[in-house]
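Take a look at the letters that make up each chain.
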Amino acid sequence: MKKQRIAAAAVLVLACAAASAHPQTGGAHTHGFFDGFVHPFTGLDHLLAMLAVGIWSARQSSAQWLPATFLGMMLVGVLTGVAGLAIPGLETGIALTVALMGVMIAVAARLPAAMGALMVGAFALLHGNAHGHELPEAASAMGLLAASALLVYGGRMLGRVSPALALKISGAAIAATGVMLAVA
């Protein structure tokens with residue numbers, strides 16, 4: 001059973017790379033469902049943040065609702081972006097969410113449920129706001145949320161089946177990537 005879970009997690013990780021192979025084929029950017037669905041797979045910051053939220057949530061006690069919190073607040077963030085709300089330092093903030101989630105995984109940090117929900121919700125608001133500016137149509141938002149759910153719940157599965165040491169190393173790599181994105 002454990003080997004099947006590891007194989008399923010590996011398939012999810014590999015699917016991420018395949019999904020970003022041909023975004024926006026052709027010259028037109030239609031803002032449709034497919035555009036929204038592909039978008040999280042094509043940006044390293046969003047991809048890592050969503051996987052990291054899932055991984056970290058799997059190691060929190062009584063926090064099975066953290067992925068749903070992330071997705072709900074991401075929708076709120078999308079709506080703020082579509083409405084034109086500009087958040088100062090948005091891209092740096094998004095990169096720092098990646099770094100912080102990586103650190104949380106690397107040190108196996110546990111937070112009280114309310115604090116974890118607040119943190120994950122704030123991160124989702126930033127990511128959603130950026131996506132709302134980039135993909136303002138309803139169909140693209142639905143695609144974005146569908147892909148985000150796959151990534152977050154895929155990360156959650158990885159967090160459940162991966163050995164603790166592998167998660168700590170992955171968390172450190174995610175944190176380092178977040179820092180590099182923040183200073184780039």
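You'll find the structure just up there.
Residues numbered from 1 in each chain as written. Predicted model: local features only at pLDDT ≥ 70, side-chain atom pairs only at ≥ 80, totals over all residues. Heavy atoms only, no water.

### Looking at empty space enclosed by the protein
Within this structure, the stated rule accounts for one cavity of 30 Å³ or more. Reported here for the largest cavity is a volume of approximately 40 Å³. In terms of lining residues, the largest cavity is bounded by W56, Q60, S61, A63, W65, L66, L111, P112, A113, G116 and A117. No other element matches the three residues that helix α6 (residues 113-134) contributes to the lining of the largest cavity. Taken together, the residues that form the lining of the largest cavity break down as eight nonpolar, three polar and no charged. (1 Å grid on protein atoms, 1.4 Å probe; cavity = no way out; pocket = protein on both sides within 12 Å on 5 of 7 lines; lining within 4 Å. Points joined across faces, edges and corners; volume = space filled by probe spheres on them. Helix = DSSP H or I, 4+ residues; strand = E, 2+ residues; numbered from the N terminus. Nonpolar A, V, L, I, M, F, W, Y, C, P; charged D, E, K, R; others polar.)

### Focus: the environment of A95
Along the polypeptide, A95 turns up in helix α5 (residues 90-106). Expressed as a C-alpha distance, the spacing of A95 and L48, which sit 47 residues apart in the sequence, is 9.7 Å. Contact partners of A95, with chain neighbours within four places excluded, come to G178, L181 and A182. (Contact = heavy atoms within 4.5 Å.)

### Considering the packing of aromatic side chains
Scanning the entire structure with this criterion turns up two aromatic pairs. For the pair F33 and F37, a centre-to-centre distance of 6.2 Å together with 20 degrees between the ring planes defines the contact as stacked. Of this pair, F33 and F37 both sit in helix α2 (residues 33-42), four residues apart, which is roughly one turn of the helix. Their ring planes at 45 degrees and their centres at 5.7 Å tell us that F37 and F41 sit as a pair that is tilted. One end of the pair, F37, and the other, F41, are both in helix α2, four residues apart, so they sit about a helical turn from each other. Its relative accessible area of 22% is what places F37 among the partly exposed residues. In textbook terms, an aromatic cluster arises when at least three aromatic residues are bridged by ring pairs, as seen for F33, F37 and F41. (Phe/Tyr/Trp six-rings, centres within 6.5 Å; stacked < 30°, edge-to-face > 60°. Buried < 20%, exposed > 50% of the residue type's maximum accessible area, 1.4 Å probe, protein only.)

### Thoughts on the environment of F123
Mapped onto the fold, F123 is located in helix α6. Separated by 70 residues in the primary sequence, F123 and V53 have C-alpha atoms spaced 9.3 Å apart. Filtering out sequence-adjacent residues up to four positions away, F123 remains in contact with F70, T97, L100 and M101.

### Brief notes about the side chain of S140
Structurally, S140 can be placed in helix α7 (residues 138-161). In this structure the side chain of S140 is engaged in a polar contact, spanning 3.1 Å, whose partner is the backbone oxygen of L135. Residues contacting S140, with those up to four places away along its chain left out, are H31, G32, F33, G36 and L135. (Polar contact = N/O pair within 3.5 Å; in protein donor to acceptor, adjacent residues only side chain to side chain.)

### Notes on the packing of helix α3 (residues 44-58) against α5
In the contact formed by α3 and α5, the axes pass within 9 Å of each other and the chain directions differ by 35 degrees. Crossing geometry of α3 relative to α5 is assigned as left-handed. Taken together, the residues of α5 that come into contact with α3 (itself represented by D45, H46, L48, A49, A52, V53, I55 and W56) are E91, I94, T97, V98, M101, M104 and I105. Residues belonging to the contact of α3 with α5 are distributed by class as follows: 11 nonpolar, two polar and two charged. (Axes fitted to C-alpha atoms, helices over the stretch in contact; angles between N-to-C directions. Left-handed = near helix turned anticlockwise from the far one by under 90°.)

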